[in-house]
Amino acid sequence: MTDAIIVENLQKRFGSVVALDGVSFSVPTGTVLGLLGPNGAGKTTAVRVLTTILRPDSGRAEVLGLDVTQHAQAVRERIGLAGQYAAVDENLTGHENLRMIGRLSHLSKSVVQQRSGELLERFSLADAADRPVRTYSGGMRRRLDLAAALVHRPPVLFLDEPTTGLDPSGRQDLWGVIEDLVREGTTLLLTTQYLEEADRLADNIVVIDHGSVIAEGTASELKATLGATIIEVGFDDPAVAKRAQTELARIGLCDIGSASTMVEMKVDDGAKVVLDVVRALDHAHLEPSTLNVREPTLDDVFLSLTGHKAEEPVAEAEPAEAGRKRTRGAA
Amino acid sequence: MTAIALPATTIEREKHSAFSWAVQDAMTVTWRNLVAMKRTPQVLVFSTIQPIIFVLMFRYVFGGAIRIPGVDHYVDYLMPGVFAQTVVFGSIQTGVALAEDLQKGLIERFQSLPMSRSAVLAGRTLADLVRNVFVVGLMVGVGFIVGWRIHTSVFGLIAGIAMMLLFSHALSWVFALVGLSAANAEAAQAASFPILAPLVFASTAFVSAASMPGPLRWFANHQPVSIVIDAVRALTYGGQFASTGKVLAAIAWSVAIIVIVAPLAVRMYRRKV
């Protein structure tokens, strides 16, 4: 299978801030790539380059074999973009929004009419089709935004943090819709700060931080880099936790977790180590308050790769994103 | 939600020349802006209440104390000034609306579409021209009600209105540039007023420049808003204000602003995210 999206050594700076520092990745046709990273990591900049909105300083970006700077117009005809903010006109109705986007995508009136009817039906917006969007809920706006990105049946779709700011049920709904699209063969590049989202939707994950790719692979490959099992032993008293860490260090690598009363061990043979842990604690007369054995999550991966959690914004955000974010008051 | 089989790559597209698409895209954006205006009538109401208050204030409160040499009825002098004030302050809306589109991410979406690169700005300024036709029409009506009379001919009135609209279109492009440069709608509004207030008030809109001190008088007589107002007076009053030179100068200013600023604004739009 060929690659629908190819990015090679992409560089982009805004003044002194380096937004993309040599990013490379590719997305095979018909698959979903999750571009994962904290705020300001360069995710949105990468999407803006790929959707022809921004010119890269150097490097190459291709969509369906078309260079995004040299064949911008042809690329625009083949992509759909739903950005971080539901970019729909509040004063128009749902139907009018789709009609506008359809006409601006140069579809004939009859095709636009038919497509917007289909999409409103499909995204459960048919009842609200003739109401101004300002009366819509956040979830409805996002669905309309996604519908707008699909009016011209783009084979390649870019979703930039599609569920940021949605409540859990709105998020579940949107995930269902996205999964349907992928099943029908759409190639999807999805940026997200939510590891759960990447875990559920993405075939492959590229983790970027400070404008560079710091890891890539499937969700399970990334998790496997941390060992198969995580054992967490909780104590009531940080001092006891500290002593337990010293004891348990003889068994394997262990850390005090982000809560200072938690000792964490990342191990390959979980069942055997749990027994050793219990024996060691018993021998040292240390009584844990909790004992938890679990699979690593992408959150653990992210924390170990970047030293901070995915949803914590890093100090220096890229200027365009940061400036917009303040004024729009988005999450 | 029902699934629809998607032959993902094929959809029927209309084939037209680039120019024909530029026109159609601009019309689509104009349509969108006009629908939005219709659905937010409060914006239009507020932008017309202020000039109506000015008409009433200058006609009935200050008007009695203002003497323009050679003019019997002050209202005949006043109305061209009010038209200018209305379209000049109204043009701030062009910038505010664009800044809002930018802030809401709509411009970003437009930039990812295969639409013409000039359509967003052309559609914005055209919709604002339609709004100005309505607003100037309304102010003409208000003028007639408070006793404004045309001293030339009906053609003078039509030419005067056309002059006002041409100038308002030029200003729309200027404020398109302001709107694209502003961080948000509030900033666009805040940046516009200090530029416009001196142009409107240090002008011949409400009083003759003759009573102003030297440098201010020179500015008031030569700045574009005054020239346009004087041109509209030439067209609607004639007599001592008749001046082909002012009319030509006003047209020249308007056309020059459009020719210089419109390409700058489109260039800025292309680069803007």
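Residues numbered from 1 in each chain as written. Chains lettered and ligands numbered in written order. Predicted model: local features only at pLDDT ≥ 70, side-chain atom pairs only at ≥ 80, totals over all residues.

### Here's the deal with helix H10 (residues 270-283) of chain A
Over its 14 residues, H10 of chain A runs 20 Å from end to end, which matches the ideal 20 Å to within 8%, given 1.5 Å per residue. Once H10 of chain A finishes, His-285 of chain A follows within two positions and takes phi at roughly 55 degrees, a positive value. (Helix = DSSP H or I, 4+ residues; strand = E, 2+ residues; numbered from the N terminus. Expected span 1.5 Å × (residues − 1).)

### Topic: the sheet that holds strand S12 (residues 254-256) of chain A
Residues and elements named next belong to chain A. One open sheet holds the four strands; their spatial order is S12-S13-S11-S14, and the pairing between them is antiparallel. Every interior strand has two partners, whereas the edge strands, S12 and strand S14 (290-294), have only one. Strand-to-strand twist of the sheet, defined as the mean angle between neighbouring strand axes without regard to direction, takes the value 20 degrees. The sheet contact formed by strand S11 (residues 229-234) and strand S13 (residues 262-267) spans six bridges and is antiparallel. In the strand pairing of S13, Thr-229 is matched with Val-267. (Pairing = 2+ DSSP bridges. Axes fitted to C-alpha atoms, helices over the stretch in contact; angles between N-to-C directions.)

### Points about the nonpolar core
Among the nonpolar cores identified, the biggest contains 148 residues, and Leu-50 of chain A together with Val-228 of chain B are the most heavily contacted of them. Ranked by the residues each element gives to this core, the list is headed by helix H7 (residues 154-181) of chain B, at 13 residues. Ranked by size, the runner-up nonpolar core spans 13 residues in total, among them Ala-244, Met-262, Val-263 and Met-265 of chain A. (Core = buried A, V, L, I, M, F, W, Y, C linked by C-beta atoms within 7 Å. Buried ≥ 20, exposed ≤ 12 C-beta atoms within 10 Å, placed from the backbone.)

### Some details on the interface of chain A and chain B
Facing 44 residues of chain A, the contacting portion of chain B comprises 34 residues. Elements supplying a minimum of two residues to the side of chain A that touches chain B: helix H2 (72-78), strand S6 (79-82), helix H3 (94-104), helix H4 (109-122), helix H6 (168-183) and helix H12 (319-328) of chain A. Per-element tally for the side of chain A that touches chain B: the top contributor is H3 of chain A, with five residues. Residues that form the side of chain A that touches chain B fall into these classes: 17 nonpolar, 14 polar and 13 charged. (Contact = placed C-beta atoms within 7 Å. Nonpolar A, V, L, I, M, F, W, Y, C, P; charged D, E, K, R; others polar.)

### Quick notes on the packing of helix H4 (residues 92-103) of chain B against H7 of chain B
All names here are of chain B. Closest axis-to-axis distance for the H4/H7 pair is 7 Å, and the angle between their directions is 35 degrees. The interaxial crossing formed by H4 with H7 has right-handed handedness. Together, Ile-92, Thr-94, Gly-95, Val-96, Leu-98, Ala-99 and Leu-102 of H4 and Ser-172, Phe-175, Ala-176, Val-178, Gly-179 and Leu-180 of H7 make up the contact between the two elements. In the contact of H4 with H7, the residues fall into nine nonpolar, four polar and no charged. (Left-handed = near helix turned anticlockwise from the far one by under 90°.)

### Digging into the sheet that holds strand S10 (residues 212-217) of chain A
All names here are of chain A. Strands sit in the order S6-S7-S8-S3-S9-S10 across an open sheet of six strands; the sheet is mixed. The open sheet has two edge strands, S6 and S10, and neither has a second partner. Across the sheet, the mean angle separating the axes of adjacent strands is 15 degrees when strand polarity is ignored. Taken together, the four bridges between S6 and strand S7 (residues 156-160) define a ladder with parallel strand orientation.

### Notes on the pairing of strand S2 (residues 17-28) of chain A
Residues and elements named next belong to chain A. In terms of strand pairing, strand S1 (residues 3-14) meets S2 through nine bridges, oriented antiparallel. Across the sheet, the residue bridging to Phe-14 is Val-17, located in S2. Turn length for the S1-S2 hairpin, with the two strands adjacent in sequence and antiparallel, is two residues, and the turn residue Gly-15 shows positive phi of about 60 degrees.

### Focus: the domain arrangement of chain A
Domains assigned within chain A are domain 1 (3-223) and domain 2 (227-295). Inter-centroid distance (C-alpha atoms) of domain 1 of chain A to domain 2 of chain A is 42 Å. (Domains from an automatic or database assignment.)

### Concerning the packing of H4 of chain B against helix H6 (residues 119-145) of chain B
Residues and elements named next belong to chain B. Packing of H4 against H6 brings their axes to within 10 Å, and their N-to-C directions diverge by 140 degrees. Taken together, the axes of H4 and H6 lie oblique to each other. In the crossing of H4 with H6, the sense of the turn from one axis to the other is right-handed. Contact with H4, carried on its side by Gln-93, Thr-94, Ala-97 and Leu-98, involves Arg-124, Thr-125 and Asp-128 of H6 and no other residues of that element. Tallied by class, the residues present in the contact of H4 with H6 amount to two nonpolar, three polar and two charged. (Parallel < 35°, antiparallel > 145°, perpendicular 65-115°, else oblique.)

### Concerning the environment of Gln-84 of chain A
All names here are of chain A. As for its position among the elements, Gln-84 is in the loop between S6 and H3. Take Gln-84: there are 24 C-beta atoms within 10 Å of it, and that puts it in the buried class. Each C-alpha atom, one on Gln-84 and one on Thr-164, is 7.2 Å from the other, the two residues being 80 residues apart in sequence.

### Focus on the pairing of S10 of chain A
Residue and element names in this part refer to chain A. Examined bridge by bridge, strand S9 (residues 204-209) and S10 share five bridges and lie antiparallel to one another. Directly across from Ile-208, in S10, lies its bridge partner Val-213. Between S9 and the antiparallel strand that follows it, S10, lie two residues; His-210 among them carries a positive phi value of about 50 degrees.

### Some thoughts on unusual backbone geometry
Residues and elements named next belong to chain A. Positive phi, close to 65 degrees, is recorded for His-106, a residue that is not glycine. Unlike most non-glycine residues, His-210 shows phi in positive territory, near 50 degrees. With respect to the element layout, His-210 can be found in the loop between S9 and S10.

### Things to note about the environment of Ile-229 of chain B
All names here are of chain B. When you line up the elements, Ile-229 lands in helix H10 (residues 224-236). Through-space distance from the C-alpha of Ile-229 to that of Trp-21 is 37 Å; in sequence the pair is 208 residues apart. Among residues more than four places away in sequence, those in contact with Ile-229 are Pro-80, Gly-81, Ala-84, Ser-203, Thr-204 and Ala-205.

### A short note on the confidence of the model for chain A
Residues shown with low pLDDT carry predicted positions that ought not to be read at fine detail. Residues and elements named next belong to chain A. When the pLDDT values of chain A are averaged, the result is 84; 91% of them are 70 or greater. Across chain A, H3 holds the top mean pLDDT of 95, while H12 sits lowest at 37. Ignoring residues within four places in sequence, the model shows residues 313-331, a span with pLDDT below 50, making 38 contacts including any to other chains. (pLDDT = per-residue confidence, 0-100.)

### Comments concerning the confidence of the model for chain B
Residue and element names in this part refer to chain B. Looking at chain B as a whole, its pLDDT mean stands at 88, while 95% of the residues score no less than 70. Low pLDDT (under 50) marks residues 1-9, which in the prediction has 18 contacts with non-local residues, meaning those over four places away or in another chain. This prediction of the complex comes with two scores: 0.81 for pTM and 0.84 for ipTM.

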